[in-house]
Amino acid sequence: MIREHQPTIALGAHFPSFAVAPMIDWTDRHCRFFHRQLTGRALLYTEMVVADAVIHGDRERLLGFDAAEHPVALQLGGSDPEKLSRATALAASFGYDEINLNVGCPSDRVQSGAFGACLMRQPGLVGECLQAMREASAVSVTVKCRLGVDDQDPETALDALADAAVEAGVSGIWVHARKAWLQGLSPKENRDIPPLDYGRVHRLKARLPTLFVGLNGGLRTVEEAAEQLAFVDGVMMGRGAYQTPDQLAAVDRLFYGAEASALDYPRIVATMADYAGRHIAAGGRLVHVTRHMTGLFTGLPGARRWRQTLSDAGSRRDAGPELFFEALAHVDLAATPRQAA
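Now for a look at the structure at hand. (Residues numbered from 1 in each chain as written. Predicted model: local features only at pLDDT ≥ 70, side-chain atom pairs only at ≥ 80, totals over all residues. Heavy atoms only, no water.)

## Describing the packing of aromatic side chains
And then number 1: Summed over the entire model, instances satisfying the criterion amount to seven aromatic pairs.
And then number 2: Aromatic pair Trp26 and Tyr242: ring centres 4.4 Å apart, planes at 25°, arrangement stacked. Of this pair, Trp26 sits in the loop between β1 (18-20) and α1 (29-36) while Tyr242 sits in helix α10 (residues 239-243), placing them 216 residues apart in sequence.
And then number 3: You can call Trp26 partly exposed: its relative accessible area is 26%.
And then number 4: Summarising the aromatic geometry, the rings of Trp174 and Phe212 are spaced 5.1 Å apart at their centres and angled 70° between planes, so their arrangement reads as edge-to-face. You can see Trp174 sitting in strand β6 (residues 172-176) and its partner Phe212 sitting in strand β7 (residues 212-216), a full 38 residues away along the chain.
And then number 5: The class for Trp174 is buried, based on a relative accessible area of 0%.
And then number 6: On the accessibility criterion, Phe212 (0% relative accessible area) is buried.
And then number 7: These aromatic residues form a ring-pair network of at least three members: Tyr265, Phe297 and Trp306. (Phe/Tyr/Trp six-rings, centres within 6.5 Å; stacked < 30°, edge-to-face > 60°. Helix = DSSP H or I, 4+ residues; strand = E, 2+ residues; numbered from the N terminus. Buried < 20%, exposed > 50% of the residue type's maximum accessible area, 1.4 Å probe, protein only.)

Okay, structure coming up:
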């Protein structure tokens, strides 16, 4: 049963009881625009962007997004409070609804930069980073972390990180409910092998009742995710949302109380075709958009042909938005049982 849920802390103008997780190489601006066609209320995260890149790189390419993506959150990576402050100030001018600090990524590249999950060992530094970010703009600042790393005790490690975040004045904390093993496991293995411990996140929420606490990790369906609202303030889905995106159509009802409505596949495809046409006209390629959409009809009649058409023909340099309609013709829409309910 899902409890009658009231937010403890509102982040900006929205309360993110459901979020699509930041995923490197996946949740780019095209993915987020697509996901927004399925849910009007979910909080959508960018890929992690390193603070140094924001300061010195192509900001429009790194930070730009379509206004339709709101509410949208930027995830930053870094461990230098001054650089994170500058990056936050620059990012805030783009209009993000939330800016998040990554304290959960276990990749070697992130570790070599002394940020990501390895910061679980330095809660004091995390607190300094978060305070610098919070003071740099009026945008809500949050942190996403693990339960701990390597041989840390999750009871003490997570509490230390959370207490530092609270002291810094953050609006909330998202917790990936696994430890990260920085030596011996790849980033992919770190998403599956360390055991999930939802109970540890539940205990954190019970200890900090006035802090927004969101749970991430291992959630495959939005119905399964909704059950967690009995214990925490919000849930975050990653691969499950990306690989079977049409289930996002149920988010607005399950998490935000919207009325149920039929999932309008033709409208979604037409909107994405128009979007892709504008992207191509600006110098992009169709595959930049279609690669995020292959899972749209998973489990439905014609899904394999839809996927093959987008994957094979969509990768051609001359591919145009008409391919969406060619692929859609293979799907038996009359047989689709999916609803935004």
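## Remarks on the side chain of His279
And then number 1: Assignment of secondary structure puts His279 in helix α12 (residues 265-281).
And then number 2: When near neighbours in sequence (up to four residues on either side) are disregarded, His279 contacts His30, Gly284, Arg285, His288 and Val289. (Contact = heavy atoms within 4.5 Å.)

## Things to note about α12
And then number 1: For α12, which comprises 17 residues, the first-to-last C-alpha distance of 24 Å matches the rise-based estimate of 24 Å (1.5 Å per residue) to within 8%.
And then number 2: Looking at α12, one finds that the buried residues are Tyr265, Ile268, Val269, Met272, Ala273, Tyr275, Ala276 and His279.
And then number 3: Of the residues flanking the start of α12, the one acting as N-cap is Asp264, its side-chain oxygen 3.1 Å from the backbone nitrogen of Arg267.
And then number 4: Phi turns positive, to about 105°, at Gly283, one or two residues after α12. (Expected span 1.5 Å × (residues − 1). Polar contact = N/O pair within 3.5 Å; in protein donor to acceptor, adjacent residues only side chain to side chain.)

## Looking at the pairing of strand β5 (residues 140-145)
And then number 1: Burial within β5 is extensive, with six of its six residues counted as buried.
And then number 2: Covered by surrounding structure in β5 are Ser140, Thr142 and Lys144 together with Val141, Val143 and Cys145, the residues of both alternating faces.
And then number 3: Strand direction decides the pairing type here: strand β4 (residues 98-103) and β5, joined by six bridges, are parallel. Counterpart to Leu101 in the pairing with β5 is Val143. (Pairing = 2+ DSSP bridges.)

## Overview of the sheet that holds β5
And then number 1: If you walk around this closed barrel you meet the eight strands as β1-β2-β3-β4-β5-β6-β7-β8, and the pairing is parallel. In this sheet, neighbouring strand axes are inclined to one another by 25° on average, regardless of whether the strands run parallel or antiparallel.
And then number 2: As paired elements, β6 and β7 share five bridges and run parallel to each other. Residue pairing in the sheet places Gly172 in a bridge with Phe212 of β7.
And then number 3: This element, helix α4 (residues 81-92), spans β3 (72-77) and β4 of the sheet and lies at about 160° to β3.
And then number 4: Here helix α7 (residues 154-168) sits on the sheet in contact with β4, β5 and β6, set at roughly 170° to β5. (Axes fitted to C-alpha atoms, helices over the stretch in contact; angles between N-to-C directions.)

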